[in-house]
Amino acid sequence: MNDKNIRKIVIVGGGTAGWMAAAPLALLMQRRNASPCEIVVIESPEIGTIGVGEATLPTIRFYNSSLGLDGADFIKRTQASFKLGIEFRDWGRLGHSFFHGFGDFGPRIENRSPLMYWQRLQRAGGMPSYEDWSTATMMARANAFVPPTAEANPLASSYSYAFHFDASLYALYLRNYAEARGAVRVEGTVVDVEQRPEDGFVAAVRLKDGRRIDGDLFIDCSGFRGLLIEEALGTGYEDWSHWLPCDRAVAVPCACAQELVPYTRATARESGWQWRIPLQHRIGNGHVFCSRFISEDEATSVLMRNLDGEPMAEPRTLRFKTGRRSKAWNRNVVSIGLASGFIEPLESTSIHLVQMGIAHLLTYFPSRGFDPVVTDEYNRMMRNEFEWVRDFVVLHYKATERTDSPFWNHCREMSVPPTLQARMNLFKADGRVFREGEELFTKPSWLQVMHGQRLNPASYHPLTDVVSEEEIAKFLDEVAGVIGACANAMPTHARYIADHCAAAPVGVA
Ligand SMILES: Cc1cc2nc3c(=O)[nH]c(=O)nc-3n(C[C@H](O)[C@H](O)[C@H](O)COP(=O)(O)OP(=O)(O)OC[C@H]3O[C@@H](n4cnc5c(N)ncnc54)[C@H](O)[C@@H]3O)c2cc1C
């Protein structure tokens, strides 16, 4: 047993991030009998959670399965639906749409993505959309869903999926999980942070009712304000709003009015974009906008005019600044969730970044000595995670042909991070993309958004010349046929849910 082991972890904040951090830590510490570690989660009854965050990425499934969650039970308890990707409307230009589907394209040719070969043929004209080779996209078009299985046709099995869920129900679900494994929930509002005079480490937090809660490791999940990481430690924030200018969102749920589709929709508006996230019991909607180009009243009116069903609450405005905390981990405080930074929700990446914050924390879990070498490495990893996501999201704004509003003119003409500019230059040369290290978005994702946003490569990959045009056309045609037939043979999304994981109507336990 190591006598330098962390003996008490204090998580400040009981939103999605707080309970996502508590659940795996509780599971782990439950097993550490020889060297017990208390886990305390402080949740304020007065300060609400952000209350949005309903669309996820396929990586959420790794998180859920690492906890051993029962998939069907989780779906029922969180009113979840399945997500095969995002439909983007009016981004490249008005009237144009594309789909960013999860997973890969059909089988590779000579160890290269079939899309590289498609690019070659497409230059001669007459090719159908590249989307015909994405199983996730074809399933979305057919409004179909089944999870991929080992028995599926290998030509059409390379898709993946995530969930849409009610974020408050998900936090509650994880809270039950964590409490069942020994995490202790403390209801109270932190009003003061006590720091050690010798090194500024946080010694304890003090609650409004006078209680003092001490700890070895503090996890700041207090939301945008960053109660410990910023208000107490003054860590600093890297502002990225010159690359991602949207700074507000107005959100409202509405009743389900149409068929339950297995994807998120992101429709570009004059000064931002609108999300549509279908859950089993309602549709989540929001208008993300830039306050320099449109007022809150106008943004709200755009949202309310574009709902599919009756609104189920008053619209609510949220303010944010895109960027990241200069150091996610400072002294004995690790910030996770909105306290560590925020990249606007276009590609549903925040919960994934929460997950990465936790995963890296488990990898670089400290002892009470808090070796700065370990802390620095965590910070380097989290910087990468945030910057990779940032570049991918900025691409959607930059690569537009829209000239119909001052907002889109601004986005089209703005400079972008050099790392993104290099990727765009490479793609424009001959359609090549790359994946940096362990970055979240894979080559198929970059390809889909670059093509979808109508960036046109000047040439094609020279090594695709090893296969004749006739052979490529025959192969692509065959694969597209199989993918289309498989998608059309699947049950509808609603049918699959009704048969396997229908949630009880709201108000029925
Ligand atoms: C407009 C918008 C849309 C989004 N959409 C998505 C999406 O589709 N997908 C996605 O992955 N993410 C999305 N997100 C992000 C997602 O909502 C958050 O990443 C996620 O909810 C985590 O939030 P959090 O737990 O860090 O903060 P919060 O939900 O703000 O929770 C903060 C917690 O800290 C507590 N707290 C604060 N101050 C104190 C105090 N003094 N004392 C005690 N407790 C305190 C509060 O009570 C609360 O429990 C979106 C965010 C926004 C703004």
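One can find the structure itself at the top, above this paragraph.
Residues numbered from 1 in each chain as written. Predicted model: local features only at pLDDT ≥ 70, side-chain atom pairs only at ≥ 80, totals over all residues. Heavy atoms only, no water.

Student: Tell me about the overall build of the protein chain, residues and numbers included.
Tutor: Looking only at helices and strands, one finds 15 helices and 21 strands in the protein chain. Compactness check: the protein chain gives a C-alpha radius of gyration of 24 Å against a globular reference of 23 Å for 509 residues, within 12% of the reference. Principal-axis analysis of the C-alpha atoms places the extent of the protein chain at approximately 75 × 55 × 50 Å. Across the 509 residues that make up the protein chain, the buried fraction comes to 57%. A separation threshold of at least 6 residues defines the contact pool for the protein chain, and within that pool the share at least 24 residues apart is 76%. For the protein chain, the computed accessible surface area is about 20700 Å², with 50% contributed by carbon and sulfur atoms. Each charge class in the protein chain was averaged separately, 54 positive and 60 negative side chains, and the resulting centres sit 2 Å apart. (Helix = DSSP H or I, 4+ residues; strand = E, 2+ residues; numbered from the N terminus. Rg over C-alpha atoms; globule rule 2.2 N^0.38 Å. Buried < 20%, exposed > 50% of the residue type's maximum accessible area, 1.4 Å probe, protein only. Contact = heavy atoms within 4.5 Å. Areas by Shrake-Rupley, 256 points an atom, 1.4 Å probe, with all protein chains shown as cover. Lys, Arg positive; Asp, Glu negative; His and termini not counted. Charge placed at Lys NZ, Arg CZ, Asp CG, Glu CD.)

Student: Tell me what's going on with the packing of helix α12 (residues 418-430) against helix α13 (residues 443-452), and back it up with residues and numbers.
Tutor: At a minimum axis distance of 12 Å, the contact between α12 and α13 shows a crossing angle of 75 degrees. One element, α12, and the other, α13, form an angle in the roughly perpendicular class. Only Trp446, Leu447, Met450 and His451 of α13 make contact with α12, whose side of the interface consists of Leu420, Arg423, Met424 and Phe427. Residues that form the contact of α12 with α13 fall into these classes: six nonpolar, one polar and one charged. (Axes fitted to C-alpha atoms, helices over the stretch in contact; angles between N-to-C directions. Parallel < 35°, antiparallel > 145°, perpendicular 65-115°, else oblique. Nonpolar A, V, L, I, M, F, W, Y, C, P; charged D, E, K, R; others polar.)

Student: Could you give an account of helix α14 (residues 469-489), naming the residues involved and the relevant values?
Tutor: For α14, spanning 21 residues, the distance from its first C-alpha to its last is 30 Å, which sits close to the expected 30 Å at 1.5 Å a residue. For α14, the complete set of buried residues consists of Ile472, Leu476, Val479, Ala480, Val482, Ile483, Gly484 and Ala487. Elements that come into contact with the buried residues of α14 comprise α4 (114-123) and α5 (135-141). (Expected span 1.5 Å × (residues − 1).)

Student: Please provide a residue-by-residue account of the pairing of strand β8 (residues 190-195), values included.
Tutor: Looking at chain direction, β8 and strand β9 (residues 202-207) are connected through five bridges and run antiparallel. Bridge assignment links valine 193 to a residue of β9, and that residue is valine 205. What sits between the antiparallel neighbours β8 and β9 is a turn of six residues, in which glycine 200 has the positive phi angle 75 degrees. (Pairing = 2+ DSSP bridges.)

Student: So what's going on with the site of the ligand? Which residues, and what values?
Tutor: Among the 33 residues in the neighbourhood of the ligand, the closest are listed as Ile47, Val52, Ala55, Val190 and Ile351. Alanine 17 has a polar backbone atom sitting 3.0 Å from an oxygen atom of the ligand. Backbone polar atom of serine 350 to an oxygen atom of the ligand: 3.5 Å apart, as the coordinates give it. Protein contacts shield 97% of the accessible area of the ligand, which totals 1000 Å² for the unbound molecule. Taken together, the elements giving at least two residues each to the shell around the ligand come down to α1 (16-31) and α9 (350-363). Here the residues of the shell around the ligand sort into 15 nonpolar, 15 polar and three charged. (Near = heavy atom within 4 Å. Polar contact = N/O pair within 3.5 Å; in protein donor to acceptor, adjacent residues only side chain to side chain.)

Student: Give me the lowdown on empty space enclosed by the protein, citing residues and values where you can.
Tutor: Summed over all chains, the structure comprises one cavity of 30 Å³ or more. In this structure, the largest cavity encloses a volume near 30 Å³. In terms of lining residues, the largest cavity is bounded by Arg423, Leu426, Arg432, Val433, Phe434, Trp446 and Met450. Secondary-structure elements contributing two or more residues to the lining of the largest cavity are α12 and α13. Looking at the lining of the largest cavity residue by residue, the class counts come to five nonpolar, no polar and two charged. (1 Å grid on protein atoms, 1.4 Å probe; cavity = no way out; pocket = protein on both sides within 12 Å on 5 of 7 lines; lining within 4 Å. Points joined across faces, edges and corners; volume = space filled by probe spheres on them.)

Geometric descriptors of this kind do not, in isolation, establish any biological role.
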